[in-house]
Amino acid sequence: MLNIQLARKYSRAIFEIAQEEDKLVEYGKELSEVRQGLESVPQAMAFLSNPQVDQKVKKDFLKKIFEGKISKDMYHFLMLLVDKRRFMLLGTIDDQYHAYANEARGILIADVTTAIPAGKKQQKAIAEKLEQVTGKKVELRLHENKALIGGVVVKIGDRRIDGSVAGRLETLKNELLANK
């Protein structure tokens, strides 16, 4: 719980800097690229999160990888995470940053699960329908689950819309059992 609160503070800080500079998208991209790059090498994240490794050694490591390749603010943000021994929060900070940025830009993220991959036309139709319903711009995160049999399940925030064949069969089963 404490880590989530700390991650929110740090993500809020970099979010506010990005907002002031009108670089929400750019900073979000950089933060995600840094995270993905470091998480693709588990030893790197373990090294940067290890409290026994000297701060200067960690900073030298980050300097070799990122100096001149990312914005100065993002570079200094990474150094701050090292100084404050909060590097292990990078993934949570990234997630929270994107939540703040999407909210500021009026964008909702919809997790869309289908039995088979959704085609471009289908994706566009789903996004347009969700935008009509919510009144906001919607970005889709696509997932597959063959157990759905057919149809689609959409999750936006804490709302879940189940239009799958499996969901309908489950509802029908429950209704039949209730009428015994």
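Every chain's residues receive numbers from 1 upward, in the order its sequence appears when written. Local features in this predicted model are restricted to residues of pLDDT 70 or higher, and side-chain atom pairs are both shown and tallied only at a pLDDT of 80 or more, whereas totals for entire chains, interfaces and linings draw on every residue. Computation of side-chain values covers all heavy atoms of the structure but excludes hydrogens and water.

**Q** When you look at the overall build of the chain in this model, what are you seeing that I'm missing?
**A** From N to C terminus, the chain includes eight helices and four strands. For the chain, the α and β elements follow one another from N to C terminus as α-α-α-α-α-α-β-α-β-β-β-α. The principal-axis extents of the C-alpha atoms in the chain amount to approximately 70 × 35 × 30 Å. Within the chain, the proportion of its 180 residues that are buried is 36%. Counting only contacts in the chain whose residues sit at least 6 apart along the sequence, the fraction spanning at least 24 positions is 65%. Helix and strand assignments follow DSSP, with helices taken as H or I runs no shorter than four residues and strands as E runs no shorter than two, numbered in order from the N terminus. The buried label applies to any residue whose accessible area, calculated with a 1.4 Å probe on protein chains only, is under 20% of its type's maximum; exposed applies above 50%, and partly exposed to all values in between. Only heavy atoms enter the contact rule, under which two residues are in contact if any of them lie within 4.5 Å.

**Q** Before we go on, may I ask you to explain a nonpolar patch on the surface in this structure?
**A** Patches in this entry comprise residues that are over 30% relatively accessible and not in a salt bridge; like charges within 9 Å are linked, as are nonpolar side chains (Val, Leu, Ile, Met, Phe, Trp, Tyr) within 5 Å. Per-residue and other accessible areas were derived by the Shrake-Rupley procedure at a 1.4 Å probe size, with only the shown protein chains allowed to occlude residues. Within this document, salt bridges are pairs made up of a side-chain nitrogen of Lys or Arg and a carboxyl oxygen of Asp or Glu, the two lying within 4 Å of each other. A cluster of nonpolar side chains, namely Ile149, Val165, Leu169, Leu172 and Leu176, defines an oily patch on the protein surface of about 460 Å² accessible area. For Leu169, the position within the fold is in helix α8 (residues 165-178). According to the relative accessible area criterion, Leu169 is partly exposed, its value standing at 47%.

**Q** Looking at this model, I keep getting lost on the environment of Asp111. Mind explaining?
**A** Position of Asp111 among the secondary structure elements: in strand β1 (residues 107-114). Distance in space between the C-alpha atoms of Asp111 and Gly68 is 35 Å, their sequence separation being 43 residues. N or O atoms closer than or at 3.5 Å make up a polar contact, with two conditions inside protein: a donor-capable atom paired with an acceptor-capable one, and, for residues adjacent in sequence, both atoms drawn from side chains. Within the structure, Asp111 has its side chain in polar contact with the side chain of His143 (distance 2.8 Å).

**Q** Would you take a moment to explain the packing of aromatic side chains for this structure?
**A** Ring pairs are drawn from Phe, Tyr and Trp, using the six-membered ring of Trp, whenever the two centres fall within 6.5 Å, and their geometry is named by plane angle: stacked under 30 degrees, edge-to-face over 60, tilted for the rest. Enumeration according to the criterion identifies three aromatic pairs in this entry. Between Phe15 and Tyr97, the ring centres sit 6.3 Å apart and the planes meet at 70°, which makes this aromatic pair edge-to-face. You can see Phe15 sitting in helix α1 (residues 2-20) and its partner Tyr97 sitting in helix α6 (residues 90-104), a full 82 residues away along the chain. Ring centres of Phe47 and Phe61 lie 5.3 Å apart, and the angle between their planes is 70°; this geometry places the pair in the edge-to-face category. Residue Phe47 is located in helix α3 (residues 42-49), and its partner Phe61 is located in helix α4 (residues 55-66); the two are separated by 14 residues in the primary sequence. Among the residues examined, Phe47 registers a relative accessible area of 24% and is labelled partly exposed. For Phe61, a relative accessible area of 26% puts it in the partly exposed group.

**Q** Got a minute to help me understand the nonpolar core in this structure?
**A** Within soluble globular proteins, side chains that are nonpolar tend to cluster in buried spots. As used here, the term nonpolar core means buried Ala, Val, Leu, Ile, Met, Phe, Trp, Tyr and Cys residues forming a set that is joined through side-chain atoms within 4.5 Å. Judged by nonpolar contacts, the single largest core of 31 residues is most densely connected at Leu38, Leu62, Leu78, Phe87, Leu90 and Tyr97. Once residues lying within four places of it in the same chain are set aside, the contact partners of Leu62 are Leu38, Leu48, Glu67, Tyr75, Leu78, Met79, Val82 and Phe87.

**Q** Explain the environment of Gly157 here, please?
**A** Of note, Gly157 is situated in the loop between β3 (151-156) and β4 (159-164). Taking the relative accessible area as the measure of exposure, Gly157 reaches 56% and is therefore exposed.

**Q** Help me understand unusual backbone geometry in this model?
**A** A negative phi holds for most residues other than glycine; trans holds for most peptide bonds. Its identity as a non-glycine residue notwithstanding, Asp22 has a phi of 55°, on the positive side. With respect to the secondary-structure elements, Asp22 resides in the loop between α1 and α2 (24-39).

**Q** Can you help me understand the pattern of salt bridges in this one?
**A** Where charged atoms of side chains with opposite charge meet at close range, the side chains can pair. For the structure on display, the rule yields nine salt bridges. Where Asp83 meets Lys59, a salt bridge forms, and the shortest distance between an N and an O atom there is 2.6 Å. Of this pair, Asp83 sits in helix α5 (residues 72-83) while Lys59 sits in helix α4, placing them 24 residues apart in sequence. Asp83 sits in the partly exposed class, given a relative accessible area of 42%. Among the charged side chains, a salt-bridge network with shared partners connects Arg35, Glu39, Asp94 and Asp95.

**Q** Please clarify how the pairing of strand β2 (residues 137-144) should be interpreted in this entry.
**A** Where a strand is regular, its side chains alternate between the two sheet faces. Note on pairing: two strands pair once DSSP finds at least 2 bridges between them. Looking at chain direction, β1 and β2 are connected through eight bridges and run parallel. Following the sheet pairing, Val112 is matched in β2 by Leu142. Handedness of a crossover: with both strands directed away from the viewer, a clockwise path from the first strand across the helix to the second marks it as right-handed. Following the backbone out of β1, through helix α7 (residues 120-134) and into the adjacent parallel β2, one traces a crossover that is right-handed.

By themselves, these figures tell us nothing about what the structure is for.
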